[in-house]
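# Structure at a glance
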Amino acid sequence: QVQLVESGGGLVQAGGSLRLSCAVSGRTFSRLDMGWFRQAPGKEREFVAFVARIGGSYADSVKGRFTIFRDNARNTVYLEMNSLEPEDTAVYYCLARDSTTSNDYWGQGTQVTVSS
């Protein structure tokens with residue numbers, strides 16, 4: 001069973017930065033594709049960023065402000081968030097996708113609140 005544990009959320013002023021972490025266990029990390037999603041109150045969960053073993057992608061709303069990167073030696077994926085806006089306020093969830101089984105695994109989420 002894949003386990004994901006997120007950390008790094010918190011309260012920050014607009015224009016500030018946060019780095020989220022997602023530590024993964026239970027699978028060979030280098031074989032997993034990893035992503036971040038977020039869900040604001042009253043809204044659907046939405047895609048933020050994704051990094052496969054090679055390459056990645058971003059939602060238009062975060063391009064140029066957020067960076068996703070992985071450290072295979074630490075079994076961890078990160079989301080570096082800069083120039084944060086109140087609209088970025090949400091619970092952020094980490095996703096691990098096992099391409100060999102087509103199974104998705106989710107973390108418990110970490111709250112990010114951006115004050116104006």
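Structural data are supplied above this passage.
Residues numbered from 1 in each chain as written. Predicted model: local features only at pLDDT ≥ 70, side-chain atom pairs only at ≥ 80, totals over all residues. Heavy atoms only, no water.

## Some points on the sheet that holds strand E3 (residues 18–25)
Sheet strands pair by backbone hydrogen bonding; their relative direction is either parallel or antiparallel. Strand order across the open sheet formed by four strands is E1-E3-E8-E7, with antiparallel pairing between neighbours. Two strands in the sheet have a free side with no partner beyond their single neighbour: strand E1 (3–7) and strand E7 (66–71). Strand after strand, the sheet turns through a mean of 15° between neighbouring axes, direction not considered. (Pairing = 2+ DSSP bridges. Helix = DSSP H or I, 4+ residues; strand = E, 2+ residues; numbered from the N terminus. Axes fitted to C-alpha atoms, helices over the stretch in contact; angles between N-to-C directions.)

## A word on the packing of aromatic side chains
The geometry of two aromatic rings is summed up by the distance between their centres and the angle between their planes. Applying the stated criterion across every chain yields a total of three aromatic pairs. A ring pair is formed by Phe37 and Phe47, whose centres lie 5.7 Å apart and whose planes are at 75°; its orientation type is edge-to-face. Taken as a pair, Phe37 in strand E4 (residues 32–39) and Phe47 in strand E5 (residues 46–51) lie far apart in primary sequence, 10 residues in all. Accessibility expressed as a relative area gives 17% for Phe37, which makes it buried. Taking relative accessible area as the criterion, Phe47 reaches 30% and is therefore assigned partly exposed. Ring geometry for Phe69 and Tyr78: centres 5.0 Å apart, planes at 20°, overall stacked. Assessed through its relative accessible area of 14%, Tyr78 is described here as buried. The structure contains a cluster of three or more aromatic residues connected by ring pairs, namely Phe37, Phe47 and Trp106. (Phe/Tyr/Trp six-rings, centres within 6.5 Å; stacked < 30°, edge-to-face > 60°. Buried < 20%, exposed > 50% of the residue type's maximum accessible area, 1.4 Å probe, protein only.)

## Side note on the nonpolar core
Residues Leu4, Met34, Trp36, Val77, Leu79, Met81 and Tyr92 are the most contacted members of the largest nonpolar core, which totals 29 residues. Beyond its immediate stretch of four places on either side in the chain, Tyr92 contacts Glu6, Leu20, Trp36, Phe37, Arg38, Val48, Phe66, Leu79, Met81, Gly109, Thr110 and Val112. (Core = buried A, V, L, I, M, F, W, Y, C linked by side-chain atoms within 4.5 Å. Contact = heavy atoms within 4.5 Å.)

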